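Summary of structural features
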Amino acid sequence: MKSTKQKNNQWVIGLVIAVALGGVVLSIVSTDRFGEKGNGLGPEYQYDLSELRKTDPAMILYKEASPRINTGHSWGRAIAVGPEDQIYTLGGQQLHVFDSTGKRLPLTIERDKELTAVTVLKDGSIYLGVTDHIEIFDASGQLKSQWESIGSGAEITSIVVTPDIVFAADFGSRSVIRYDASGQKLDSFGDFNLPSNYFDLAYTSDGQLLAANTGEHRIETYDLKGNLMSWWGEFSNQEPDKFCGCCNPISFALLPGQSGIVTCEKGLTRVKVYDKEGRFVGFVAGAESFDQRDGLTATPEYCYNRMGLDVAVDSQGRVLVLEPVMAEIRVYQRINTDNSSRSQGI
Amino acid sequence: MPNQDNALDRRDLIKKGLHGLALLVTGGVSGFLAERSQANSYHWQIDPSKCIACGNCATYCVLEESAVKCVNTYAMCGYCNLCTAFFEPAPKSLNTGAENQLCPTGAILRTFIEEPYYEYKIDESLCIACGKCVKGCKEFGNGSLYLQVRHDRCVNCNQCAIAVACPTQALTRVHRDQPYLLKGMDNKA
């Protein structure tokens, strides 16, 4: 028969075992083995751009004018406007064409390299940047000319065609290549500061070349020989009239009559309007309007692809924004208001 | 009385038994070493195309100081004057003052190279793998900064605690011949 002391010992041992088991169960339950409770780091370790993404509604001067146009690409790259406001889009190795209402036209051009730039002339001629060289097609999509490769590592991101000179922005060499009209390379100029592969050009009717020097946050003006004439633009993440991030604007287009310039930015994904002197006018679209897309680009499937917007403007002043991730075109039209920027003719 | 033949049989039996045992031990040890060797042929690594820099690497590693560190692929880096991995999203000014730096531990070193380029190095002794700079680089820049398991620190657990806690299953096993998953120029942003 067990003594009282032995019984007490058994109780103590039982209690110790119960407490130990309870501790084990508690530690298993309370330990966040699967990361469901987050990283447990303090607020100083969080990266938050939500305040910077907010746009003053009074600054938004445009609204979406029609349903978005599905380009049919799996990933959008570039957009241009041609005769009769036809819309040309690039995605992967294909070019697609739409009429001004967004209806897909039968013309498709496909090449064996990525299409990286497109410009369409008034006669419908299509100048395509095919990664490292330029190809020219007529309005029906027939190949007319294929120019020599700039070299390995070249990436043509924009093409400007003037009566005598063709300019190609080459991200690879961070320079602008000058060709004569027959495709003979003349020379190159510039040592642009381009941290990522966005490098846009435009041509003004008074004979000047505009180039986005993104690392300097500037739109620069050159004469046709490549001499720098002037520039405007500066950095700020907080001030909406300036360009954000490491390298913006990633793309731009001229409004009809060169009354202003529409710019696109990455980081804080937004579209803005400046007058021809570079004074900020307002927003076409604020960062909030790209929340869904920015949510997608934060996911692993998207976050390391090129995802910057491209922009074109048609003859009616509609701003056509190609959103690469959803591969769709947003069509923006000026809201009819009588504010100061309208009185400036923009 | 046992005959001579029977006595020899016993010796033979013991001898053969010992030989068999030796073979068994040798085989077992060889198998064990081979298995260990095979297990050590693979290491944990972060696939940068899956990583979202959630910060779990900083706190779920079994080591007091995480084996995960930020790395910079210089072939991709823009050497930006205005590096969004180095500066706060709303910096007071563009200098190396602590109030302007994004990294809470000051682990990114900024060195002037030539106008307008700056080099950014990670001081791994200060980096805790929170991924804040990785997000800054990805949001605005070209994603040249990303997280990798450093094998001089990793103890190569059979079941990596970070891998279990990773929300995107970015931790993967890689052969020791290629222990790092480095980004190249194809990863443009």
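This structure is a prediction, so every number in the text was calculated from the model and none was measured. (Residues numbered from 1 in each chain as written. Chains lettered and ligands numbered in written order. Predicted model: local features only at pLDDT ≥ 70, side-chain atom pairs only at ≥ 80, totals over all residues. Heavy atoms only, no water.)

**Looking at the interface of chain A and chain B**
- Residue-level contacts link 43 residues of chain A with 43 residues of chain B.
- Interface of chain A and chain B: buried area, both sides summed, is about 3500 Å²; carbon and sulfur atoms make up 59% of it.
- Summed over the shared surface of chain A and chain B, the number is 1 salt bridge.
- Between Glu139 of chain B and Arg53 of chain A there is a salt bridge, with the nearest N and O atoms lying 3.1 Å from each other.
- In this structure, the connection of chain A to chain B is made through 11 residue pairs in polar contact (both at pLDDT 80 or more).
- Residues that form the side of chain A that touches chain B fall into these classes: 18 nonpolar, 15 polar and 10 charged. (Contact = heavy atoms within 4.5 Å. Buried area = accessible area lost by both parts, 1.4 Å probe. Salt bridge = Lys/Arg side-chain N within 4 Å of Asp/Glu carboxyl O. Polar contact = N/O pair within 3.5 Å; in protein donor to acceptor, adjacent residues only side chain to side chain. Nonpolar A, V, L, I, M, F, W, Y, C, P; charged D, E, K, R; others polar.)

**Observations concerning the confidence of the model for chain A**
- On average, residues of chain A carry a pLDDT of 91, and 92% of them reach 70 or more.
- Overall, residues 340-345 of chain A carries pLDDT values under 50, and its contacts beyond four positions in sequence, including any with other chains, amount to 9 contacts. (pLDDT = per-residue confidence, 0-100.)

**Some remarks on the sheet that holds strand β18 (residues 228-232) of chain A**
All names here are of chain A.
- Strand order in this open sheet of 4 strands is β15-β16-β17-β18, and the pairing throughout is antiparallel. Of all strands in the sheet, those with a lone pairing partner are β15 (201-203) and β18, marking the two edges. Strand-to-strand twist across the sheet, computed as the mean angle between neighbouring axes with direction ignored, equals 25 degrees.
- Across 4 bridges, the pairing between strand β17 (residues 218-222) and β18 is antiparallel. Bridged to Thr221 within β18 is Ser230. (Pairing = 2+ DSSP bridges. Helix = DSSP H or I, 4+ residues; strand = E, 2+ residues; numbered from the N terminus. Axes fitted to C-alpha atoms, helices over the stretch in contact; angles between N-to-C directions.)

**Re the state of the cysteines**
Residues and elements named next belong to chain A.
- If you walk through the whole model with that rule in mind, you get 1 disulfide over all chains.
- For Cys246, the disulfide goes to Cys247, at an S-S distance of 2.3 Å.
- Of the residues examined, Cys247 reaches a relative accessible area of 1% and is grouped as buried. (Disulfide = S-S within 2.5 Å. Buried < 20%, exposed > 50% of the residue type's maximum accessible area, 1.4 Å probe, protein only.)

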